[in-house]
Amino acid sequence: AGRRTGLWSGTEYEVIKAAESAGITGQMFQRLADYHQQRLAARQSMLSGLILPGILLLAALLIPPLPALVSGELSLGQYIWIPLRALLSLGLLVVLVIQLPRLMRLASTTAVAFDRLQVVMPVIGPWYFRRQMREFINLLALLLAAGVPTQEAVTLAIPAPNSEVRRRINAMVDALAEGAGFADALARIEGINQQAVAMAASGEGAGKLDTMLQHYSVLETELTRRQERQLTTGLPRVVYLVVAI
């Protein structure tokens, strides 16, 4: 019913479907709620950090031409057009930056190069890949807890947007198909955090794989939050610099 109305889709649908069959729907809704709450809190934190720079930008556009309006050198229409033109230009630039990944993926040749660049570029690349792995392992823990078979769960949890990330995780899928254990297969992912492999091996040995993966995801979420708080602190400074220029 949730899928038909558009409430569930993709991985969430698979998680809830498996949880419903296993009779643990309530637990799974709570874990999904926690997952989305974490994502929402990170997004809100970043947006709140941009409010003051946004006000400063608006002031920087409205105040300088104000004397010319008062003296009659500018008409009201001209005064309104000056900041509006700047905001439209800036808005277009922001839209282009946001849409850049989608635009780069329109052609297969640029898509592969762009996806690889996202993963290997200095500073941002390791952070991006680690964040993708956190999302992958978190969804994997949810699917395993819901009773989805391991190989199917890994395939469902693979992040869709980046082909380089998918290529690296597919090495794990191949290892599972060859009969490797979960931790050994996880270690096949190029660039995977070895702490994740160690915790997966511990959980696999104790028969609590989904619990250990969930615990690892919580630890990674805390680390990512600290990194995002640093980004939230630094991003307004970049906006201030843009306003100054």
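Notes on the structure in this doc start here. Computed from a predicted structure; not experimentally measured.

**A few points about the environment of histidine 215**
- Residue position: histidine 215 is located in helix 12 (residues 209-244).
- Taking relative accessible area as the criterion, histidine 215 reaches 42% and is therefore assigned partly exposed.
- A C-alpha to C-alpha distance of 8.7 Å links histidine 215 and methionine 199, two positions 16 residues apart in sequence.

**Concerning the side chain of glutamate 164**
- Tracing the backbone shows glutamate 164 in helix 9 (residues 163-177).
- At 3.4 Å, the side chain of glutamate 164 and the side chain of arginine 116 are in polar contact.
- At a separation of 2.7 Å, a polar atom in the side chain of glutamate 164 contacts the side chain of arginine 167.

**Re a nonpolar patch on the surface**
- Taken together, the side chains of Ile51, Leu52, Ile55, Leu56 and Tyr240 present a nonpolar region at the surface, about 470 Å² in accessible area.
- For the nonpolar patch, the element with the highest residue contribution is helix 3 (residues 51-62), accounting for four residues.
- Along the chain, leucine 52 turns up in helix 3.

Definitions and cut-offs
- Residues numbered from 1 in each chain as written.
- Predicted model: local features only at pLDDT ≥ 70, side-chain atom pairs only at ≥ 80, totals over all residues.
- Heavy atoms only, no water.
- Helix = DSSP H or I, 4+ residues; strand = E, 2+ residues; numbered from the N terminus.
- Buried < 20%, exposed > 50% of the residue type's maximum accessible area, 1.4 Å probe, protein only.
- Polar contact = N/O pair within 3.5 Å; in protein donor to acceptor, adjacent residues only side chain to side chain.
- Patch = residues over 30% accessible without salt bridge, like charges linked within 9 Å, V, L, I, M, F, W, Y side chains within 5 Å.
- Areas by Shrake-Rupley, 256 points an atom, 1.4 Å probe, with all protein chains shown as cover.
- Salt bridge = Lys/Arg side-chain N within 4 Å of Asp/Glu carboxyl O.

Coordinates in, geometry out; function isn't part of it.
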